[in-house]
Amino acid sequence: MATLIVLVINLVSPLISMSVASAADSKNLIYDEANLLNEQEKSELNALANEYGAERQTDFVILTTNNTENQDVQLMTEDFYDEHALGYDKAHGNAVILTLDMYNRDVYLAGFYKAEDYLDNGRLQSIRSKITSELSNGDYKLAFEKYIKLSYKYMGYEPGVNPNNILFNGWFQLGASVVIGGIAVGIMAYRSGGRVTVNRATYEDSNTSSVIDRQDRYIRTTVTKRKIEKNNNNGGGGGGGGGTSRGGHSHSGSRGSF
């Protein structure tokens, strides 16, 4: 009996140790100061951010705030990074932050260090545009999930590459493969039937065939000019733009309203 107990302890102990270690490795990446999420939603998002962040070696952080002091959303994000010493690999290291300002209904995304390279202004602006409708509708958990997954996806492409290029779309690649395969099969089927040797010249008598008449008539040329009005209405959609925090940390960025 004692031997059986010892055996069970030996089998269970490693599992307990692994569970404790896993819990210790899980960092808090969801700072929901505006209370937009319930506990289950925060737990699920935090687990997702830790899982995806480990593969990209970058912390995917979410900050929501009521911004009672009416601070600029970009400055707020920069100070939050400085004060919390965020970073997957080290204090003030690889991180991307989504800040949601509920007072002004502004959103700002910032990428630091590795995320600054892999999530540049253009990529962050693309992510922001893809989650704006969910933010406007109050579907915050869905918007945050999309932010984490899109950040993870875009960091899988080398800097300078457009991750939204249709050539990277799986369905497009599958369709192109089917079309190319169909063309190849069609060519082989055509050639397998033998070459056709009959053409127009087979039945044409070159001695009696000729052009009877040819005539070109020039009518006129008309040029119309129209002034193109310049559109100065930007629509308030936001835009890109990073900067440097007061702590001296450079970052990429994109901001806008929701």
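Residues numbered from 1 in each chain as written. Predicted model: local features only at pLDDT ≥ 70, side-chain atom pairs only at ≥ 80, totals over all residues. Heavy atoms only, no water.

Colleague: How should the pattern of salt bridges be read in this particular structure?
Modeller: Pairing between side chains becomes possible if they bear opposite charge and their charged atoms approach one another. Within the structure shown, the criterion is met by seven salt bridges. Between K141 and E44 there is a salt bridge, and its shortest N-O distance comes to 3.1 Å. Taken together, the residues K141 in helix α6 (residues 140-154) and E44 in helix α2 (residues 39-56) connect sequence positions 97 residues apart. For K141, a relative accessible area of 18% gives the class buried. Judged by its relative accessible area of 38%, E44 falls in the partly exposed class. Here the salt bridges do not stand alone but share partners, grouping E44, K141 and E145 into one network. (Salt bridge = Lys/Arg side-chain N within 4 Å of Asp/Glu carboxyl O. Helix = DSSP H or I, 4+ residues; strand = E, 2+ residues; numbered from the N terminus. Buried < 20%, exposed > 50% of the residue type's maximum accessible area, 1.4 Å probe, protein only.)

Colleague: Hey, could you run me through the nonpolar core in this one?
Modeller: Within soluble globular proteins, side chains that are nonpolar generally end up buried alongside one another. Among the nonpolar cores identified, the biggest contains 45 residues, and F60, L100, L135, F144, Y147 and I148 are the most heavily contacted of them. Broken down by element, this core gets its largest block of residues, eight residues, from α6. (Core = buried A, V, L, I, M, F, W, Y, C linked by side-chain atoms within 4.5 Å.)

Colleague: Where do I start with the packing of aromatic side chains in this structure?
Modeller: The description of an aromatic ring pair uses the distance of the two centres, along with the angle that the planes make with each other. Under the defined criterion, the tally for this structure stands at three aromatic pairs. Taking 5.0 Å as the distance between ring centres and 80° as the angle between the ring planes, the aromatic pair formed by Y31 and F80 counts as edge-to-face. Separated by 49 residues along the polypeptide, Y31 in strand β1 (residues 30-32) and F80 in helix α3 (residues 73-84) bring together distant segments of the chain. Of the two residues, Y31 and F80, both sit in the buried class. (Phe/Tyr/Trp six-rings, centres within 6.5 Å; stacked < 30°, edge-to-face > 60°.)

Colleague: Help me understand the side chain of N46 in this model?
Modeller: Within the secondary structure, N46 sits in helix α2. Reaching out from N46, the side chain makes a polar contact with the backbone oxygen of K27 at a distance of 3.0 Å. Leaving out residues up to four positions away in the same chain, N46 has contacts with S26, K27, N28, L29 and I30. (Polar contact = N/O pair within 3.5 Å; in protein donor to acceptor, adjacent residues only side chain to side chain. Contact = heavy atoms within 4.5 Å.)

Colleague: Sorry, what's going on with α3 here?
Modeller: One turn of the α-helix equals 3.6 residues, which is why residues spaced by three or four share an orientation. Over its 12 residues, α3 runs 16 Å from end to end, which matches the ideal 16 Å to within 8%, given 1.5 Å per residue. Among the 12 residues of α3, nine are classified as buried, and the element is accordingly described as predominantly covered. In the core, the buried residues of α3 are packed alongside β1, β2 (59-65), β3 (95-101), β4 (106-112), β6 (243-244) and β7 (250-257). The backbone nitrogen of Q74 lies 3.0 Å from a side-chain oxygen of the residue at the head of α3, namely D72. Where α3 terminates, the next one or two residues include A85, which has phi positive at roughly 50°. (Expected span 1.5 Å × (residues − 1).)

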